[in-house]
Amino acid sequence: MKPVDVVNKWVEYFNNADAEGLGSLYAIEAINHQVVQEPIVGRDAITSMFKKEFQGANMVCVVEQILESGEWAILEWKDPLGLRGCGFFRISGGLIVFQRGYWDKLSFLKIHGLPIE
């Protein structure tokens, strides 16, 4: 699968709050590092993180654009509540081996009425 295809599948699973589906897109030792938190290492830990996140908020990813270069895909997104962000995905062998995400956590917490840490 091309990187852009993996990211499109990622968006589909994300919008269906399918943590198991999302987990299946990551390599066993993948790293998911969102700028607002410590890196999550390993497919199982990433899957668990998504399960927890989906329990806390109803999240929707609206694709603005996906760019691709070699093993990399870059996802620019927004959500219906006004949050915006960007994700960088390194894909190898059809699986995500590294993901880096940028978004405003404070705005996210306020929009969803979640406690501010």
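One numbering rule holds for all chains: residues counted from 1, following each sequence as written. At least 70 in pLDDT is required for a residue's local features to be given in this predicted model, at least 80 for side-chain atom pairs to be given and counted, and no such filter applies to totals for whole chains, interfaces and linings, which use all residues. With hydrogens and water excluded, all non-hydrogen atoms of the structure serve as input to the side-chain values.

In this section: the overall build of the chain. Helix numbers and strand numbers start at the N terminus; a helix is a DSSP run of H or I with at least 4 residues, a strand a run of E with at least 2. When you go through the chain residue by residue, the secondary structure sums to four helices and six strands. Helices and strands in the chain line up, N terminus first, as α-α-β-β-α-β-β-β-β-α. Only C-alpha atoms enter the radius of gyration; for comparison, a globular chain is expected to reach 2.2 Å times N to the power 0.38, where N is the number of residues. Relative to the compact-globule value of 13 Å for 117 residues, the chain shows a C-alpha radius of gyration of 13 Å, a close match. Along the first, second and third principal axes, the C-alpha atoms of the chain reach 40 × 30 × 25 Å. Residue burial in the chain is summarised as follows: out of 117 residues, 42% are buried. Taking the average location of the 11 positive side-chain charges in the chain and that of its 15 negative ones, the two points are 2 Å from each other. For the exposure calls, accessible area comes from a 1.4 Å probe over protein chains only, and a residue counts as buried if that area is under 20% of its type's maximum, exposed if over 50%, partly exposed in between. The positive count covers Lys and Arg only, the negative count covers Asp and Glu only, and His and the chain ends enter neither. Where a charge sits is defined by one atom per residue type, namely NZ (Lys), CZ (Arg), CG (Asp) or CD (Glu).

For helix α1 (residues 3-15), built from 13 residues, the straight-helix expectation of 18 Å at 1.5 Å per residue is met to within 8% by its first-to-last C-alpha distance of 18 Å. Of the positions making up α1, those classed as buried are P3, V4, V6, V7, W10, V11, Y13 and F14. Two residues or fewer after α1 comes A17, characterised by a positive phi angle close to 50°. Expected span of a helix: the number of residues minus one, times 1.5 Å.

When DSSP finds two or more bridges between two strands, those strands count as paired. Relative to strand β4 (residues 72-78), strand β3 (residues 62-69) runs antiparallel, the two sharing seven bridges. Among the inter-strand pairings, V62 is bridged to a residue of β4, identified as K78. Here β3 folds back onto β4, and the loop between the two strands holds two residues, one of which, G70, carries a positive phi near 60°. Sheet analysis places β4 next to strand β5 (residues 84-92), joined by seven bridges and oriented antiparallel. The partner of W77 across the bridge, within β5, is G85. Joining the antiparallel neighbours β4 and β5 is a turn of five residues, in which G82 adopts a positive phi near 105°.

Now for the sheet that holds β4. Spatially, the six strands line up as an open sheet ordered β2-β1-β6-β5-β4-β3, and their pairing is mixed. Of all strands in the sheet, those bounded by a partner on one side alone are β2 (40-41) and β3. Contacts: residue pairs with any heavy atoms within 4.5 Å of one another. Simply put, an axis is a line fit to the C-alpha atoms, just over the touching stretch for a helix, and the angle between two N-to-C directions goes from 0 to 180 degrees. α1 rests against β1 (26-34), β3, β4, β5 and β6 (95-103) of the sheet, and its axis sits at about 35° to β4. Contacting β1, β2 and β6, helix α3 (residues 43-56) crosses the sheet at an angle of about 50° to β1.

Now for the side chain of Q34. Looking at the element boundaries, Q34 is found in strand β1. Of note is the side chain of Q34, whose polar atom sits 2.7 Å from the side chain of N32. In this view, Q34 contacts Q99, R100, G101 and W103; residues no more than four positions away in its chain are not counted. Pairs of N or O atoms within 3.5 Å make up the polar contacts considered here, provided that, within protein, one atom can donate a hydrogen while the other can accept it, and that residues adjacent in sequence are counted only when both atoms are side-chain atoms.

Next up on the list: the environment of L67. The topology assignment puts L67 in strand β3. Among the residues examined, L67 registers a relative accessible area of 41% and is labelled partly exposed. Remark: the alpha-carbon pair of L67 and I28, spanning 39 residues in sequence, is separated by 25 Å. When near neighbours in sequence (up to four residues on either side) are disregarded, L67 contacts W72, A73, I74 and E76.

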